[in-house]
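Take a look at the letters that make up each chain.
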Amino acid sequence: MRGIWIIYKKEMLEFTRSSKWIWLPIVFTLIGIMQPITSYYMPQILDAAGNMPEGTIIKIPTPSGAEVLLKTLSQYSTIGILLIVISAMGSISNEKNTGSITSTMVRPVSYFTFFISKWFAQVTIISASIGIGYGLTWYYTNLLFSDVSFKNFIESCVIYFIYVLFIISVTMCFGSVFRKNGAIVGSSFLLITALAIVNGIFEKQMKWSPSNLMNQVGSILMDNKYLDTLALNLTSSLLMIFGIIFVSIFTLQKQEL
Amino acid sequence: MAIDWNIIAPILVLQLILVVSALYSLFKQEETSGPKWVWLLIILLISTIGPIIYFIFGRKKY
Amino acid sequence: MLKLHDLSKVFGSQTAVKNFNYNINLDAHEKSCIALLGPNGAGKTTTLKMLTGLIKPTSGTIVSDQMNGDLRNYIGYLPQYPSYYDWMSANEFLFYVGELSGLNKNILKTRISEVLHSVGLKDVGRKRIGNYSGGMKQRLGIAQAIIHKPKLLILDEPVSALDPIGRREVMDLLNKLKKETTIIYSTHVLHDAEEISDEILIMNKGEIIETGSLKSLKLKYQKPIIYIQSDNKIGNWINELSYIKEVKRESDNSVTITIEDEPESRTRLLEDLIRNNIEISKFVVGESTLEEMFFKVVQ
Ligand SMILES: Nc1ncnc2c1ncn2[C@@H]1O[C@H](COP(=O)(O)OP(=O)(O)O)[C@@H](O)[C@H]1O
Ligand SMILES: [Mg+2]
């Protein structure tokens, strides 16, 4: 436990030194709040674009607050995934590539401690960034559109958080297997997107998939209710996350420094 | 419907923070991957994405 | 005592280390400084990494009666190609590794300034490691290896990458440290092994080929060698002489021979040469050294 805290602190210091604590929350905030703001000003934006014949009346149905929030989350699960993957890609591999991992592993530290403390560190900065961004988006949405209840906001946030845990774990697992950041980003992004696409096509068969959590979020925001497969979906996602973490640690142990 | 600056201002402020902190980091760097002036242009000219690309790929050490 | 019993390590089809048997004395009053000497690829790094637990031996065991539990608690290690976090200061880095080794905050604070002082980095403890020179990084490497007062200090080629000044600094530092702890360090330069070690282990192709104190090895390989040139042919009878260890024929008329290190050997050789009617034109007496032996190994 002590070891986990020590390495975790070191990771946090690195995030501060590398300005990650500045840019990652700002990016997620910008991506988030752009959504309500551009939706709100869409009529003017179209107007300013100006290639409409004189006298055209622009009529765009005003989206509901829930729709706007959901759009933000779907941004978070495209560009957002890429950002999460980029944030977590070097966590393990950079230390292997430079050899700095040796200075930790030559101390009485297990690979479990090493991996899990880094995992917690990534989870902290990424979910804080998303939390801030999504929270501000919710604030703007309520300001400019119809209200989304705090309960729905929090619940969608928590379920999306499980999906984020899955993405972080997958990326760090590939980070334990590969050394090249290109390979890590490529395979993580590919796997996660493929899962989401397959999920879109075979929705019935994919109720267990972490990517299906986005459908759960949609149901909470739009219909104010859970899909009946939520329990299965959460359980299988969490089990997969544990499994992936286990595989990562096992892989690290097998490799020789 | 006039532009309400109370709504837009936070975006501008965040973008400003992003650019300023990227520039600050750039000037502190002894060495970047690729020429410094290219990164300067990227940070200044490409809104939001420029500074982020710099933070991710631009630095050799921090 | 740390007993390395029959260690071997195989990478794929390549045997990096085999049949490595050695006991390292860790008793406080019998501290020793061991040099692991061998050409590149001899298996030094692999051996030292097995000692640290960073890699597991393919077979063989490492056991100790003085170290319980995780051996890494008692070991300080300087890798051959050290890499630390550039964005940390030396103080922060030493704090990090010290905490990992189980030292508490208050002890660490004094210990860090102690250690930085002894490696000569006291004034730059707050500087980022990224701005350190090679020699400074190497000394920081030694500082992190001794921060927790290990019983055994393992240094992989501690001076190989340094310029003469850096090398001098590190050598002096090791000389000081060997009074406090048992040290095992590797090198591919005989001179570095001779300078501070009490005990030398020579490795080649994964195996120990010679061990002993510097003194005993020097004696063992310090043999008189004699170069003889004559006007007539030197016959093969010379190979049969009892006091001769080795004969190297340079030509029909000249040989280089290694003889027993006894005062009468030389006289007996001269007598034998005369008895066999050799017309001596040159008789040069020299000495072989450990260096030549090592040089042969490296070839
Ligand atoms: N991780 C590895 N994979 C494959 N071969 C290795 C590995 N590490 C070392 N070797 C091989 O083992 C042999 C011994 O290497 P090493 O212990 O580094 O020698 P030294 O430190 O004496 O120069 C070398 O031939 C090297 O190529
Ligand atoms: Mg080596």
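Residues numbered from 1 in each chain as written. Chains lettered and ligands numbered in written order. Predicted model: local features only at pLDDT ≥ 70, side-chain atom pairs only at ≥ 80, totals over all residues. Heavy atoms only, no water.

**Points about the site of ligand 1**
Residue and element names in this part refer to chain C.
In step 1: Around ligand 1, the neighbouring residues are F11, Q14, A16, P39, N40, G41, A42, G43, K44, T45 and T46.
In step 2: Q14 is positioned with one of its side-chain polar atoms (N or O) 2.7 Å from an oxygen atom of ligand 1.
In step 3: Separating an oxygen atom of ligand 1 from a backbone N or O atom of K44 is a distance of 2.8 Å.
In step 4: Isolated, ligand 1 exposes 560 Å² of accessible area, and the fraction of that covered by the protein chains is 63%.
In step 5: Among the elements that line the shell around ligand 1, the one with the most residues is helix α1 (residues 44-52), at three residues.
In step 6: Broken down by class, the residue content of the shell around ligand 1 amounts to four nonpolar, six polar and one charged. (Near = heavy atom within 4 Å. Polar contact = N/O pair within 3.5 Å; in protein donor to acceptor, adjacent residues only side chain to side chain. Areas by Shrake-Rupley, 256 points an atom, 1.4 Å probe, with all protein chains shown as cover. Helix = DSSP H or I, 4+ residues; strand = E, 2+ residues; numbered from the N terminus. Nonpolar A, V, L, I, M, F, W, Y, C, P; charged D, E, K, R; others polar.)

**Some words on the interface of chain C and chain A**
In step 1: Every contact between the two is made by 32 residues of chain C and, on the other side, 25 residues of chain A.
In step 2: The contact between chain C and chain A buries some 2500 Å² in all, and 54% of this surface belongs to carbon and sulfur atoms.
In step 3: Of all residues in chain C, the largest losses of buried area upon contact with chain A belong to C:R72, C:W87 and C:L100, amounting jointly to 28% of the total for that side.
In step 4: There are three salt bridges connecting chain C and chain A.
In step 5: Between C:K9 and A:E256 there is a salt bridge, with its nearest N and O atoms 2.6 Å apart. (Contact = heavy atoms within 4.5 Å. Buried area = accessible area lost by both parts, 1.4 Å probe. Salt bridge = Lys/Arg side-chain N within 4 Å of Asp/Glu carboxyl O.)

**So, the packing of aromatic side chains**
In step 1: Counted under the stated rule, the structure contains 21 aromatic pairs over all chains.
In step 2: Seen in terms of ring centroids, A:F28 and A:Y76 are 5.3 Å apart; in terms of plane orientation they differ by 85°. Their pairing is edge-to-face. With A:F28 in helix α2 (residues 20-49) and A:Y76 in helix α3 (residues 65-76), this residue pair connects regions lying 48 residues apart in the sequence. For the residue pair A:F28 and A:Y76, the accessibility class agrees, reading buried in each case.
In step 3: With centroids separated by 5.3 Å and ring planes inclined at 70°, the aromatic side chains of A:W119 and A:F120 adopt a geometry described as edge-to-face.
In step 4: The buried category is assigned to A:W119, whose relative accessible area is 9%.
In step 5: Residue A:F120 is classed as partly exposed on the basis of its relative accessible area, which comes to 38%.
In step 6: Aromatic rings pair up to connect C:Y84, C:Y85, C:W87, C:F93 and C:Y96 into one cluster. (Phe/Tyr/Trp six-rings, centres within 6.5 Å; stacked < 30°, edge-to-face > 60°. Buried < 20%, exposed > 50% of the residue type's maximum accessible area, 1.4 Å probe, protein only.)

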